[in-house]
Amino acid sequence: MRSPCPILLAISAILLAAASASAGVRDPEHLSLRELVMGLQSSDYRTSEEAIEALRILGPKAGKAIPDIVALLKSNDFNTNKNAADALAEIGPAAIPHLLTTLEDGDALIREGSARALSGMRGSAKLVADALRKRQKDQDSKVRIEAAVALLSLGQDDKGTLDIIDAGLKETLNVALIYRLGACGPSARKAVKGLINVFKSEDRNLRRAVVEALRRIGPGADEAVPVLIEALGDYDKLLRSAAVSALGSIGTGGRPAIPAIIKRLDDTDELVRWSAVGALEQLHAETPDAIDALLRAVKDKDPRVRHSALLPFSKPEHRTKLPPKLLLEACADSDPAVRAQAIRMLEVLESIPKDAKALVRNACTDDHHEVRISAFFALPKAAAGDADRIVLLLKGTQDPHPTVASTACAALGNIKPANKEAIEILVKNLTHERGVQRVAAAMALMTLGEQREQAMRVIKDGLRDTDRTVRSHALSNLRWLHKEGNQARKAKEAKDTVRKMLKDPDRSVRVSAAATLLLFDEAREEALPVFLDALRSRDFGVRLTALLACSELGPHAKDAVPLLSDLLQSPDSILRNMSASALEAIHAKK
């Protein structure tokens, strides 16, 4: 298997740290239980999510707060009620005894909220199933419906369950139920027939809600493919767009819709065309008609469509299907995101078009930093043999944008044999004021086999940096060094520092540290709980870090298989797809 490119590793480490920056949650020890309960009542989404996630991390330690959270189930405020139910579900088994008691409460709101909370207890499904089945006979229709949805989500449904759900779908105001079914993900596949019947309504809101639910149910909604194909011709552009996305989310079962989706690439609405490109990629559409349609989309008048249409051609199996002339035109596109994507794609081509060299050189001074990052990423290969590529990269190390300068440093490590002036600049950058740039320079020197002792010290110092992006970047570099084989011993020199990082204040860094130790096969008993906990997190950035690490670790992440299998039932198609990729990597033969 080909080793990952160190420059790609450098860039992805920085971008990954940035991806989770906006979703960071303070450690629970910094928040009192009283603050967490108050947070559940906040109208600010981020504040309530912080509270729910902190309660999840605390688990059984949040026991004293459970009665106060249960009391919030009586709230007339929908968000507070929902947050309380979600929080109880996230606390986990410790909340089950309380919820089984409140499931018998005299207040219907309490019973309804308790059933909703129990719907998230997949690990204890059999333990709570009987109590939920009893509530399917509740005198309150909302409690009956919530109990039925919970049983469906837990995979403990029976005929009575579906009868209750179908009856609920026939009620006039059933949008909330439709969305609840969507939140069950593929587990709600048995409710698809009822959703299809609701779609026959002329109510725009109901029809949109059904299509969104089918999208989230994903692979379990293949029965709805004919209905969704019909929706592609609806006059409502939002419905057309949602239907296209739903078909893509269904996966293999949605492939019969590929011809109809191709036609949507000529839709008058740019959002529909953009959704169609994404759906074709999700469905792995590889027919000549699909490829021709995507090639046309690369020249779409909307930049979002053009950018999305390029992505399928970045895959190894499709690289040769994008004509060089079309790729070069995209490299000079008026939109910076399109230019950046097209230029980065040059690096993975087996042979670089002659005219590409000038485009990449010019892109090194582009006004947009994303384009400059891609240019330096592609430069070592795109301008192979050109003497001025070293000059351009050396100038790039002085770029005012930190990611651009770091990319240029890392790219110098891809030019062999090592250039004397480049080594001098890289050594100088080992003391740069920006930590990310110091670590990138160190990684380049390690790749070139130059000044290894000094470079390794810089990487080790990066592990202790006050900037979490630097720490994350240094950890990624250690994993790459370990995979190089001849540098594994050097990488392991930092194992004691990495072990301490399992208690890092930033959760994304803790996950990265755990992944590094698992790869080193060190401190497994300490690292594994941190890693597995990240897969349960509500924080998308943290979960993303863990899923990417699973794919990177391969067989070393075998203990994550049960959780990854659970994520295949997620209503989020990104999480489903990334979990499937991680499982594939874990089971792949070496």
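The shown structure was predicted, so the numbers you read here are calculated from the model rather than taken from an experiment.

Conventions adopted
Residues numbered from 1 in each chain as written. Predicted model: local features only at pLDDT ≥ 70, side-chain atom pairs only at ≥ 80, totals over all residues. Heavy atoms only, no water. Helix = DSSP H or I, 4+ residues; strand = E, 2+ residues; numbered from the N terminus. Rg over C-alpha atoms; globule rule 2.2 N^0.38 Å. Buried < 20%, exposed > 50% of the residue type's maximum accessible area, 1.4 Å probe, protein only. Contact = heavy atoms within 4.5 Å. Core = buried A, V, L, I, M, F, W, Y, C linked by side-chain atoms within 4.5 Å. Salt bridge = Lys/Arg side-chain N within 4 Å of Asp/Glu carboxyl O. Axes fitted to C-alpha atoms, helices over the stretch in contact; angles between N-to-C directions. Parallel < 35°, antiparallel > 145°, perpendicular 65-115°, else oblique. Left-handed = near helix turned anticlockwise from the far one by under 90°. Nonpolar A, V, L, I, M, F, W, Y, C, P; charged D, E, K, R; others polar. 1 Å grid on protein atoms, 1.4 Å probe; cavity = no way out; pocket = protein on both sides within 12 Å on 5 of 7 lines; lining within 4 Å. Points joined across faces, edges and corners; volume = space filled by probe spheres on them. pLDDT = per-residue confidence, 0-100. Phe/Tyr/Trp six-rings, centres within 6.5 Å; stacked < 30°, edge-to-face > 60°. Lys NZ or Arg CZ within 6 Å of the ring centre and 35° of its normal. Polar contact = N/O pair within 3.5 Å; in protein donor to acceptor, adjacent residues only side chain to side chain.

Trainee: Could you give an account of the overall build of the chain, with specific residues and numbers?
Mentor: Assigned secondary structure in the chain consists of 36 helices and 0 strands. On C-alpha atoms alone, the chain measures out to a radius of gyration of 26 Å, which is about the 25 Å that the 2.2 N^0.38 rule sets for 590 residues. With the C-alpha coordinates of the chain rotated into their principal frame, the extents come out at 80 × 55 × 45 Å. Classification of the 590 residues of the chain by burial places 56% in the buried group. Pairs at least 24 residues apart make up 64% of the contacts formed inside the chain by residues separated by at least 6 positions.

Trainee: Which residues make up helix H20 (residues 324-331), and what values go with them?
Mentor: Buried within H20 are the following residues: Leu326, Leu327, Leu328, Ala330 and Cys331. Lining the buried residues of H20 we find helix H18 (288-297), helix H19 (303-310), helix H21 (336-346) and helix H22 (356-363).

Trainee: Account for the nonpolar core, naming residues and giving values.
Mentor: Counting 160 residues, the largest nonpolar core has Ile261, Phe531 and Leu535 as its most contacted members. Apart from the residues lying within four places of it in its own chain, the contact partners of leucine 535 are Arg543, Ala546, Leu547, Cys550, Ala560, Leu563, Leu564 and Leu567. Among the nonpolar cores identified, the runner-up in size contains 39 residues, and Val70, Leu72, Leu73 and Ala115 belong to it.

Trainee: Describe the pattern of salt bridges, naming the residues involved and giving the relevant values.
Mentor: Evaluation of the coordinates by the stated rule reveals 50 salt bridges. For aspartate 138, the salt bridge goes to arginine 135, with nearest N and O atoms at 2.5 Å. Aspartate 138 sits in the buried class, given a relative accessible area of 3%. Here aspartate 236 makes a salt bridge to arginine 208, at a shortest N to O gap of 2.9 Å. Of the two residues, aspartate 236 is situated in the loop between helix H14 (225-231) and helix H15 (237-250) and arginine 208 in helix H13 (residues 204-217); the sequence distance between them amounts to 28 residues. For arginine 208, a relative accessible area of 32% translates into the label partly exposed. Connected via shared salt-bridge partners are Glu49, Lys82, Asp86, Glu90 and Arg538.

Trainee: Explain the packing of helix H24 (residues 388-396) against helix H25 (residues 402-412) to me, and be specific about the residues and the numbers.
Mentor: Viewed as axis vectors pointing N to C, H24 and H25 meet at an angle of 140°, and their least axial separation amounts to 8 Å. As the angle between them shows, H24 and H25 are arranged oblique. The crossing of H24 and H25 is left-handed. Residue-level inspection shows Ile390, Leu393, Leu394 and Gly396 of H24 in contact with H25, the latter providing Val404, Ala405, Ala408, Ala411 and Leu412. The residue inventory of the contact of H24 with H25, partitioned by class, reads 8 nonpolar, 1 polar and no charged.

Trainee: Please provide a residue-by-residue account of empty space enclosed by the protein, values included.
Mentor: Evaluated as defined, the whole model comprises 1 cavity of 30 Å³ or more. Its boundaries defined by the atoms lining it, the largest cavity holds a volume of some 60 Å³. Lining of the largest cavity is provided by Leu280, Glu281, His284, Ala285, Glu286, Leu294, Pro312, Lys315, Glu317 and His318. Of the residues in the lining of the largest cavity, the class split is 4 nonpolar, 2 polar and 4 charged.

Trainee: Tell me about the confidence of the model for the chain, and please be specific about residues and values.
Mentor: Close inspection of predicted coordinates is inappropriate for parts of the model with low pLDDT. Considering every residue of the chain, the mean pLDDT works out to 87; 93% of them sit at 70 or more. The spread of mean pLDDT over the elements of the chain runs between helix H1 (residues 6-19), the lowest at 44, and helix H16 (residues 258-263), the highest at 96. Within the model, pLDDT remains below 50 along residues 1-26, and this stretch shows 55 contacts once partners closer than five positions in the same chain are excluded.

Trainee: Explain the packing of aromatic side chains to me, and be specific about the residues and the numbers.
Mentor: Each aromatic ring pair is described using two quantities: the centre-to-centre distance and the angle formed by the ring planes. Scanning all chains against the criterion turns up 0 aromatic pairs. Across the ring face of phenylalanine 377, the terminal group of arginine 344 is positioned such that the distance to the ring centre comes to 5.1 Å.

Trainee: Would you mind going over unusual backbone geometry in detail, with residue names and values included?
Mentor: In this structure, proline 417 follows lysine 416 across a cis peptide bond, with omega equal to 0°. Mapped onto the fold, proline 417 is located in the loop between H25 and helix H26 (420-429). The residue aspartate 521 is not glycine, and still its phi comes out positive at about 60°. For alanine 523, which is not a glycine, the phi torsion comes out positive at approximately 45°. The exposure class of alanine 523 is buried, given its relative accessible area of 18%.

Trainee: Provide a residue-level description of the environment of aspartate 333, including the pertinent values.
Mentor: Position of aspartate 333 relative to the elements: it lies in the loop between H20 and H21. Filtering out sequence-adjacent residues up to four positions away, aspartate 333 remains in contact with Arg306, Val338 and Arg339. Of the polar contacts made by the side chain of aspartate 333, one reaches the side chain of arginine 306; its length is 2.9 Å.

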